[in-house]
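Here is how the chains run, residue by residue.
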Amino acid sequence: MTRSSVPLFHGVITALITPFKDGEVDYAAFEALVEHQIKSGVHGLVPVGTTGETSTLSMAEHKSIVELCVKTAAGRVKVIAGAGSNSTAEALELTQHAKAVGADAALVVAPYYNKPSQEGMYQHYKHLNDNVQIPVMMYNVPGRTVVDLSNATVARLAQLPNIVGIKDATGDLARASMMRLEVPDDFALISGDDPTLLGYMAHGGHGVISVTSNVAPAQMVELYNAAAAGDFATARSIQDKLINLHKALFYDASPSPTKYALSRLGQCTDEVRLPITPCAVDVRPKVDEAMRLAGL
């Protein structure tokens, strides 16, 4: 893959939920959700990531959702297929599938539970780089994986031709500035933490893989556009309307509050799969209020 002088990915990239109905994937609702996201101006989509409940999807469901997302998007926005696993062989299979069906990239979380060393994580991503010709975005979320891709390891991996960016869900804004000094100019620094997107952009970030944009895509795009233009006064004003929603969507195990919010908007049911349970009754009014404050 030929690298350009600017990042391949930027803007608001929605970490899509996977709608369910009567225990099965609701493909019609998923297709409608993708259309709504694109019409609202988002720059990209991530099917079957953490927010898409990938850990409770079958392999067949996972692959069919990626295929439907690519088909529905039809080149109008970038599709970054979730392809992470704590098995390198399985991550390779999912990344190869993403390539085969026409996804623009694969999002690969740092291997969870196994607690690999920095060298192990380097070799995990290098194996994907060497065996699939598709852009790969790393995903660092220590709160879920119990491992932390160090800036030094990220810098090493950024030298490989197919490793094009990172979804940084550490919430550590200073880390973004330090990382920016160590990676190529075309390496995409993407926040994985909606509440700190505003600060992440100020530190030189290029966008967000967003949970909030499932519910408020147009508002998130407006926030990103203001920050990208350096109009932080406007960006702060938009952030003030969204900050309660950013927080409320994690008052219960994600994505249950997000699915509840989308059910209120008539876009899908609030069904989730165990071990995630439906949004708690005492959380629902907080989500409703946050949606009201966001203008929804």
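Below is a short write-up of the structure.

About the cut-offs
- Residues numbered from 1 in each chain as written.
- Predicted model: local features only at pLDDT ≥ 70, side-chain atom pairs only at ≥ 80, totals over all residues.
- Heavy atoms only, no water.
- Helix = DSSP H or I, 4+ residues; strand = E, 2+ residues; numbered from the N terminus.
- Rg over C-alpha atoms; globule rule 2.2 N^0.38 Å.
- Buried < 20%, exposed > 50% of the residue type's maximum accessible area, 1.4 Å probe, protein only.
- Contact = heavy atoms within 4.5 Å.
- Areas by Shrake-Rupley, 256 points an atom, 1.4 Å probe, with all protein chains shown as cover.
- Lys, Arg positive; Asp, Glu negative; His and termini not counted.
- Charge placed at Lys NZ, Arg CZ, Asp CG, Glu CD.
- Phe/Tyr/Trp six-rings, centres within 6.5 Å; stacked < 30°, edge-to-face > 60°.
- Lys NZ or Arg CZ within 6 Å of the ring centre and 35° of its normal.
- Pairing = 2+ DSSP bridges.
- Axes fitted to C-alpha atoms, helices over the stretch in contact; angles between N-to-C directions.
- Left-handed = near helix turned anticlockwise from the far one by under 90°.
- Nonpolar A, V, L, I, M, F, W, Y, C, P; charged D, E, K, R; others polar.
- Salt bridge = Lys/Arg side-chain N within 4 Å of Asp/Glu carboxyl O.
- Core = buried A, V, L, I, M, F, W, Y, C linked by side-chain atoms within 4.5 Å.
- 1 Å grid on protein atoms, 1.4 Å probe; cavity = no way out; pocket = protein on both sides within 12 Å on 5 of 7 lines; lining within 4 Å.
- Points joined across faces, edges and corners; volume = space filled by probe spheres on them.

Here we look at the overall build of the protein
When helices and strands are tallied, the protein shows 12 helices and 10 strands. On C-alpha atoms alone, the protein measures out to a radius of gyration of 18 Å, which is about the 19 Å that the 2.2 N^0.38 rule sets for 296 residues. Relative to its 296 residues, the protein shows a buried fraction of 53%. Here the analysis covers contacts within the protein between residues at least 6 apart in sequence; of these, 73% occur between residues at least 24 apart. Put simply, the protein shows about 11,800 Å² of open surface, and 53% of that area lies on carbon and sulfur atoms. Averaged over its 24 positive side-chain charges, the protein has a centre that lies 2 Å from the centre of its 30 negative ones.

Some details on the packing of aromatic side chains
A full pass over the atoms with the stated rule returns 0 aromatic pairs. In this structure, Arg156 packs its charged tip against the face of Tyr122, placed 3.6 Å from the ring centre. The side chain of Lys167 reaches across the aromatic face of Tyr139, ending 4.0 Å from its centre.

A few points about the sheet that holds strand β6 (residues 105–109)
An order of β1-β4-β5-β6-β7-β8-β9-β10 is seen for the 8 strands of this closed barrel, with the pairing classed as parallel. Along the sheet, successive strands turn relative to each other by an average axial angle of 25°, direction set aside. Bridge analysis of strand β4 (residues 44–46) against strand β5 (residues 78–82) gives 2 bridges, and the strand direction is parallel. In the sheet register, Leu45 faces β5, and the bridge partner there is Val79. Together, β7 (136–140), β8 (163–168) and β9 (188–191) form the strand contacts of helix α7 (residues 173–180), whose direction differs from that of β9 by roughly 175°.

Focus on the packing of helix α3 (residues 88–100) against helix α4 (residues 118–131)
At a closest axis distance of 10 Å, the pairing of α3 and α4 adopts a crossing angle of 35°. You can see that α3 and α4 cross each other, and the crossing is right-handed. Contacts between α3 and α4 involve Thr88, Ala91, Leu92, Thr95 and Gln96 from the former and His124, His127, Leu128 and Asn131 from the latter. Grouping the constituent residues of the contact of α3 with α4 by class yields 3 nonpolar, 6 polar and no charged.

Considerations on the pattern of salt bridges
This model, assessed by the stated rule, comprises 10 salt bridges. Between Lys126 and Asp130 there is a salt bridge; the shortest N-O distance is 2.7 Å. Placement of the pair is Lys126 and Asp130 together in helix α4, with a separation of 4 residues, close to one helical turn. By relative accessible area, which is 26% here, Lys126 ends up partly exposed. Judged by its relative accessible area of 43%, Asp130 is partly exposed. Two residues, Arg284 and Asp270, come together in a salt bridge whose shortest N-O distance is 3.2 Å. Of this pair, Arg284 sits in helix α12 (residues 284–293) while Asp270 sits in the loop between α11 (256–264) and α12, and the two are 14 residues apart along the sequence. Judged by its relative accessible area of 23%, Arg284 falls in the partly exposed class.

A closer look at the nonpolar core
Within the largest apolar cluster, 83 residues are counted, with the highest numbers of intra-cluster contacts made by Tyr125, Met138, Phe187 and Leu245. Other than its neighbours up to four places away in sequence, Leu245 contacts Thr212, Val215, Ala216, Ala290, Met291, Ala294 and Leu296.

As for the layout of surface pockets
Considered as a void within the structure, the largest pocket measures approximately 620 Å³ in volume. Listing elements by their share of the lining of the largest pocket, those giving two or more residues are α2 (59–73), α3, β6 and α5 (142–145). Taken together, 21 residues form the lining of the second largest pocket, with Tyr139, Gly192, Asp193, Val211 and Phe250 sitting closest to its centre. When grouped by side-chain class, the residues that make up the lining of the second largest pocket number 10 nonpolar, 6 polar and 5 charged.

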